[in-house]
Amino acid sequence: MTHDIDTAQLRVTRVIPASPAEVFDAYTDAEKQKIWFSILDEKPGIVEIEVDLRVGGRQTAVWGPDPDTLFRETQTFLVIDRPHRLVTESTGSTPDGMTMTTTIEVTFEEHDGGALLTVVQSGFPAPEMRDFFVQEVWAGALDRIETYVRREAEQTT
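Right, let's walk through the structure included here. Each residue is numbered by its place in its chain's sequence as written, counting from 1. Reporting of local features is limited, given that this is a predicted model, to residues whose pLDDT is at least 70; pairs of side-chain atoms are given and counted only at 80 or more, and all residues count toward the totals for whole chains, interfaces and linings. The side-chain figures draw on all heavy atoms in the structure; neither hydrogens nor water molecules are used.

Once that is clear, we can look at the pairing of strand E5 (residues 69–81). Paired strands are those between which DSSP finds at least two bridges. Runs of E in the DSSP output that reach at least two residues are strands. Runs of H or I that reach at least four are helices, and both are numbered from the N terminus. Sheet analysis places strand E4 (residues 58–66) next to E5, joined by 7 bridges and oriented antiparallel. Note that in E5 the partner of Ala-61 across the bridge is Glu-73. The antiparallel hairpin formed by E4 and E5 contains 2 residues in its connecting segment. With antiparallel pairing between neighbouring strands as the criterion, E5 and strand E6 (residues 85–93) make up a hairpin whose turn holds 3 residues.

This paragraph deals with the side chain of Thr-118. Among the secondary structure elements, Thr-118 is positioned in strand E8 (residues 114–122). Should any heavy atoms of two residues lie within 4.5 Å, those residues are counted as being in contact. Beyond its immediate sequence surroundings of up to four residues, Thr-118 is in contact with Arg-11, Val-12, Thr-13, Glu-105, Val-106, Thr-107 and Glu-109.

Take the pattern of salt bridges next. Pairing is possible between side chains of opposite charge, provided their charged atoms come close. By salt bridge we mean one thing: a side-chain nitrogen of Lys or Arg within 4 Å of a carboxyl oxygen of Asp or Glu. For the structure on display, the rule yields 9 salt bridges. As a salt-bridge pair, Asp-131 and Arg-130 come within 2.7 Å of each other at their nearest N and O atoms. The salt bridge involving Arg-150 is made with Glu-146; its shortest N-O contact spans 2.9 Å. Taken together, the positions of Arg-150 and Glu-146, both in helix H3 (residues 127–156) and 4 residues apart, correspond to about one turn of that helix. Categorising residues by exposure relies on relative accessible area from a 1.4 Å probe, with only protein chains included: less than 20% of the type maximum marks a residue as buried, more than 50% marks it as exposed, and the intermediate range marks it as partly exposed. Judged by relative accessible area, which is 43%, Arg-150 ranks as partly exposed.

Shown next, in the form of structure tokens:
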């Protein structure tokens with residue numbers, strides 16, 4: 001995984017062992033997200049996801065370990081070019097009520113028999129928040145997506 005440092009944006013890349021279409025669908029399909037959101041958790045928490053995958057549509061995700069500790073994110077789809085590119089405006093909130101709105105662009109490209117997934121997220125209010133997203137949020141999400149597609153591949157072989 002590589003990342004470029006800029007105070008307002010991050011860039012994260014990872015090769016996922018599946019086709020761009022499979023990775024795009026894992027990233028955008030509500031039923032698949034419900035699986036990978038908690039695939040690495042020791043004990044199941046709360047995961048609620050709704051997706052209206054169309055330009056102007058929204059994806060709403062609510063997750064956390066218990067009803068008193070819930071994170072929320074609403075993404076509005078600005079560009080959908082399946083299976084190549086997705087651009088959203090994301091507004092997230094933490095259990096303590098802090099909110100942040102950023103723009104997320106995700107691309108999915110063929111790469112050595114897998115998909116090179118690239119995330120560019122911009123609009124962070126502080127470098128520390130951007131760094132947290134590089135080290136924790138995206139690293140965790142990409143670990144989960146990769147685990148999900150590997151398990152799916154094992155089940156179909």
